[in-house]
Amino acid sequence: MSANNVHDMSADAYDSYIESMRKEQYPMLRETLYLDHAGTTPYSKRLMDRFHAEMMGSLFGNPHSVSPSSQRSTQMIEDTRLQLLSFCGADPDDFDVVFTANSTAAIKLVMEAFREQDAGFWYGYHVDSHTSLVGVRGAATMHRCFESDSEVESWIGGQDAAYHEAHHLFAYPAQSNMTGRRLPLDWCSRLRQEDSRRRTYTLLDAAAYASTTPLNLSDTDTAPDFTVLSLYKIFGFPDLGALIVRKECASLFRKRSYFGGGTVDMVVCLKEQWHAPKSGALHEQLEDGTLPIHSIIALNAAIKTQLELFGTLERVSRHTAYLAARMRQGLAELKHGNGKRIASIYGSPTLEHDDGNTLGPIIAFNLRDSRSNWVSNTEVEKLASVKGIHLRTGGLCNPGGIAHALGLSPWEMRENFSAGHRCGSENDIMNGKPTGVIRVSLGATSTISDVDRFLDFVKQFFVEEYPRPSPSVPAACQTQRRFHIESLTVYPIKSCAGWQIPYGNSWEVREEGLAWDREWCIVHQGTGKALSQKQHPRMALMRPHLDFAAGLLHITAPSAVESISVPLSKDPRCFEKRDFAQRDASVCGEIVQSQTYTSSTIAEYLTKALGIPCTLARLPATSTQSASVRHSKAHLPHSGGTGTDAAPRILLSNESPILTISRSSLNRLNEQIKAKGGKAAHPAVFRANILLAESPLSPPGQEQPWAEDQWRGMRIDRTDGAVMEFLGGCRRCQMVCIDQRSGEKNQEPFVTLAKTRRFDGRVLFGVHTALATGSEGGSLRIAAGDFVEIFT
Ligand SMILES: *Cc1c(COP(=O)(O)O)cnc(C)c1O
């Protein structure tokens, strides 16, 4: 089937056409459920083939020369300019195209022009604006945020009476990149009519809108003065933006003080300072430097290919509107067993009356559990990622939209900021309110099966037939039957393989954890960021070995014959001063002073093994520099002190000094996984230090899975045995799905954990552990085989 006759196809026929076409044209989508089209949309094979053929077939030179190859580029660029104008229905007599890097760059060009005006400028923007529009206010002499459509309406109504000294610029998105809500396009024409002196200009941000809907600038009287586009959101490729500007506005740019290669006819530099800006077409005055020639060639191919594969953008628009309605309705109808709705969808009060024109295929929402508590977006994102679903969560670069939707007042946003909330941070529910939303967005390649698969995902993981239990708080202190330590493991290098402590060897426990645990890490050479297995699963195969006889830590890369070694000792006599460089490393977002190894052998070995430029760093275990002291995130609420003073110190572990897991719980989890035909999880995936098992002396069949939810502490049964406290459950992410022997990613055990062990939006497995407050570390020891007594 081809797209020739798609215009008349029924919704279902078009959907099955897309379904089969995308198998061939979008091989990278494979099993992926891609729901981030508003971020960027995928590019087709045909587009890439066509671009490739074009590039291989001709020589394209720099258009600023006169050679044949240069002329060819110029010709291609001029053709593409025209093609893009016609794609938007814009008459080349009235409009010009300025190529930019993206929408933001296009917005900045407009902002610069207004900033250069003698009296500065007044700037008005709608609350639903993308951050890139909001930012223009920084250059304005006065600005106003319109908090609703009706505020805009009445302001437009009063235009004629208003006297404008300075130029006015009014900006808004044609479609919110957060809720998908479409704003009235006629504001542009009404402003043109009402403002007879023509001092108020309109800037339409069509970046989200135009990706699934044709932009129609054919009526010159109603079109905005400036329209910005992100072309990669429409075609997937190339990475290019555009400013479509009404030629009438050219005079605004005359005051431009900057000029660069490409935008000037003559420059005098020596005794006199003089230049002649280009006076030709507007784009010649605004496109500084060499144009992105190859991207423009790709755009040419992209426009052609789009029409071949999808028919018109109008057809895409109808298709995506249909899918979006199905998605919105599906989410709105999902309910928990007790009848409570699960999804709160934002910005679509007109759901029932939607005619396909007021809502684009972007849906923003949050989920609630059956007790109406918010589900953490990070949790949704983790599960989605395990299930191959690509979506976006957080603030979405839409500050006004988010504040509106979540009812966050400015003081709350500032308070959250002070309390450490940043775009993308894990802790996304603060003071009982979400700090961001979940966004799913559909595009030309989306299909009905995508929508249904996403709805199934929400149903499967977040719909509760019965309310979930919380781990109950134990009533009184009791000692419990005996357990024993089945094995002890340390992870000398953060995120690399564990090293099992030989059975029976007693091991030192310190405030910051088991001796030699997470003392080293592998850092990116450029950023100094500690690498994590989450991004680099191959790290699981990097094997450290503590060789006390030789006094060395050996590191062996996967399938390498040779290892590298570094001294275990910190005694300065073992090193040359230049063996280390003091550098800031960043571990889980915290900056720590670390000693980075300067050896090129180490750097080359690790870089080769992991395929990223990296090297080894060490955190001094007992550092006196306060900058290097990290504290456990998990600590007992009842331990008295406040803030980090009460929390134990940690080295490079993520959250707490020691992690303990229970064999009985692991067995229970694996039964559940196997019952559904899944593959049992190896204890190594949890990267625990202590694996506790019920004592071999306890009667069989009396295992107590999840008993650790109630545990408060344990005493190791030996003379120098440590007393340890449990600091609460360990929150899990998809990293538990990395097979520690192959480095491959699975869906289990995270999927089953998420279904059976989710409490208040946290998926828990294992318990954070630390030396009991007040114990003297250093002389206390534990060993695999030791019996332990549990307190509850
Ligand atoms: C994506 C987007 C932007 C930013 O576009 P860039 O190409 O990243 O500069 C601005 N506004 C809206 C509505 C968007 O969707």
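Here is what the cut-offs are and how they apply
Position numbers for residues count from 1 along each chain, tracking the sequence in the order it is written. For this predicted model, a pLDDT threshold of at least 70 governs which residues receive local features, and a threshold of 80 or more governs which side-chain atom pairs are given and counted, while totals over whole chains, interfaces and linings are taken from all residues. Where side-chain values are given, they derive from all heavy atoms of the structure, hydrogens and water being excluded. UniProt positions are given in the numbering used here, feature names are shortened, and annotations may be inferred rather than shown by experiment. Secondary structure is summarised from DSSP: a helix means a run of H or I of at least four residues, a strand means a run of E of at least two, and numbering begins at the N terminus for each. When a residue's accessible area, from a 1.4 Å probe over protein chains only, is under 20% of the maximum for its type it is buried; when over 50% it is exposed; and in between it is partly exposed. Residue contacts are defined here by distance: any two heavy atoms, one from each residue, within 4.5 Å place the two residues in contact. The method behind every accessible area is Shrake-Rupley, applied with a 1.4 Å probe, and residues are considered shielded solely by the protein chains displayed. Residue proximity to a molecule or strand is established when one non-hydrogen atom of the residue lies within 4 Å of it. For the purposes of these results, a polar contact is taken to be a pair of N or O atoms within 3.5 Å, where, inside protein, one atom must be able to donate a hydrogen and its partner to accept one; residues adjacent in sequence count only when each atom of the pair is a side-chain atom. Side-chain classes are defined by residue name, with Ala, Val, Leu, Ile, Met, Phe, Trp, Tyr, Cys and Pro counting as nonpolar, Asp, Glu, Lys and Arg as charged, and the others, Gly among them, as polar. When we speak of the arc, we mean the arc of directions from the helix axis to the C-beta atoms. As a per-residue quantity, pLDDT reports the predictor's confidence and falls between 0 and 100. At least two bridges found by DSSP between two strands are what make those strands a pair. Only the stretch in contact is used when a helix axis is fitted, and all axes are lines through C-alpha atoms; the angle between N-to-C directions ranges over 0 to 180 degrees. In these notes, a set of buried Ala, Val, Leu, Ile, Met, Phe, Trp, Tyr and Cys residues joined through side-chain atoms within 4.5 Å is what counts as a nonpolar core. When two rings of Phe, Tyr or Trp (its six-membered ring) have centres within 6.5 Å they constitute a pair, described as stacked for plane angles under 30 degrees, edge-to-face for angles over 60, and tilted for the intermediate range. Charges are assigned to positions over rings by a cutoff of 6 Å between ring centre and Lys NZ or Arg CZ, combined with an angular limit of 35 degrees from the ring normal.

In the annotation of an unreviewed UniProt entry, the entry for the chain reads Molybdenum cofactor sulfurase, and the organism field reads Hortaea werneckii EXF-2000. Word for word, the UniProt comment on the chain under Catalytic activity (unreviewed entry) is "Mo-molybdopterin + L-cysteine + AH2 = thio-Mo-molybdopterin + L-alanine + A + H2O". We quote the UniProt Cofactor (unreviewed entry) comment for the chain here in full: "pyridoxal 5'-phosphate".

1. Quick look at the overall build of the chain
Looking only at helices and strands, the chain features 18 helices and 38 strands. Residue burial in the chain is summarised as follows: out of 792 residues, 54% are buried. For the chain, the proportion of contacts with a sequence separation of at least 24, taken over those separated by at least 6, is 71%. Counting only carbon and sulfur atoms, one obtains 51% of the accessible surface of the chain, whose full area is about 34400 Å².

2. Quick look at the site of the ligand
Neighbouring residues of the ligand: N102, S103, T104, H130, N177, D205, A207, A208, S230, Y232 and K233. In the model, an oxygen atom of the ligand is placed 3.2 Å from a nitrogen or oxygen of the S103 main chain. In this structure, Y232 approaches the ligand through a side-chain N or O atom, which is 2.7 Å from an oxygen atom. Starting from 380 Å² of accessible surface for the ligand in isolation, the protein chains cover 89%. Those elements giving two or more residues to the shell around the ligand turn out to be α4 (103-115) and α8 (231-235). Residues belonging to the shell around the ligand are distributed by class as follows: 3 nonpolar, 6 polar and 2 charged.

3. Description of the UniProt feature "modified residue: N6-(pyridoxal phosphate)lysine" (unreviewed entry) in the chain
In this numbering, the UniProt entry assigns the feature "modified residue: N6-(pyridoxal phosphate)lysine" (unreviewed entry) to K233. Summarising the element assignment, K233 is placed in helix α8. With residues up to four places along the chain from it excluded, the contact list for K233 reads A38, G39, T41, A207 and S211.

4. Quick notes on the environment of D225
Structurally, D225 can be placed in the loop between β6 (200-205) and β7 (226-230). Considered as a pair, D225 and Y201 are 24 residues apart in the sequence and their alpha carbons are 6.2 Å apart. If near-sequence neighbours (up to four positions away) are discounted, D225 is found in contact with R192, R198, T200, Y201, T202, I244, V245, R246 and C249. A distance of 3.0 Å separates a polar atom in the side chain of D225 from the backbone nitrogen of T202. Within the structure, D225 has its side chain in polar contact with the side chain of R246 (distance 2.8 Å).

5. Details of helix α16 (residues 600-610)
For α16, the full list of buried residues reads I602, A603, Y605, L606, A609 and L610. For α16, the buried positions fall inside an angular range of 165 degrees around the axis, keeping them on one side. Seen from the buried face of α16, the exposed residues on the opposite side, beyond 90 degrees, are T601, E604 and K608. Where α16 begins, the capping side chain belongs to S599, and its oxygen is found 3.2 Å from the backbone nitrogen of T601. Count one or two residues on from α16 and you reach G611, which has phi positive near 75 degrees.

6. Details of the confidence of the model for the chain
Per-residue confidence for the chain averages 87 on the pLDDT scale, and 90% of its residues sit at or above 70. Predicted confidence for residues 621-627 stays below pLDDT 50, and this span has 11 contacts to residues more than four positions away or in other chains. Counted against residues more than four places away or in other chains, residues 637-644, with its pLDDT under 50, gives 5 contacts.

7. Things to note about the sheet that holds strand β24 (residues 552-556)
Read from one edge of the open sheet, 3 strands run β23-β24-β25, paired in antiparallel fashion. Taken across any chain shown, the strands that pair with only one partner, and hence form the sheet edges, are β23 (543-547) and β25 (563-567). Neighbour-to-neighbour, the strand axes of the sheet open up by a mean angle of 25 degrees, direction not taken into account. Relative to β25, α16 is tilted by about 135 degrees, and along the sheet it contacts β24 and β25.

8. Considerations on the nonpolar core
L231 and F310 are the most contacted members of the largest nonpolar core, which totals 63 residues. If we skip the residues at most four places from it in the chain, L231 touches L84, G236, P238, L240, G241, A242 and L299. Core analysis: the next-biggest nonpolar cluster, separate from the first, contains 52 residues, M542, Y605, L616 and L692 among them.

9. Concerning the packing of aromatic side chains
A complete count under the given rule lists 34 aromatic pairs for this structure. The ring centre of W374 lies 3.7 Å from the NZ or CZ of R368, which sits over that ring. Its end group placed over the ring of F461, K755 keeps NZ or CZ at 5.1 Å from the ring centre.

10. Examining the pairing of strand β12 (residues 362-367)
Within β12, 6 of the 6 residues are buried, leaving the element largely enclosed by the surrounding structure. Burial along β12 is two-sided: the residues I362, A364 and N366 and I363, F365 and L367 are all buried. Sheet analysis places strand β11 (residues 343-345) next to β12, joined by 3 bridges and oriented antiparallel. When the sheet's bridge partners are listed, A343 is paired in β12 with L367. Taken together, the 4 bridges between β12 and strand β17 (residues 437-441) define a ladder with antiparallel strand orientation. The residue bridging I363 from the neighbouring strand is V440, located in β17.

11. Quick notes on the sheet that holds strand β21 (residues 513-514)
With antiparallel pairing, the 3 strands of this open sheet are ordered in space as β21-β20-β37. Single-partner strands in this sheet number two, and they are β21 and β37 (781-782).

12. Some words on the pairing of strand β27 (residues 590-597)
As defined by bridge partners, strand β26 (residues 580-587) adjoins β27 across 8 bridges and the pair is classed as antiparallel. Bridge pairing links F580 to Y597 in β27.

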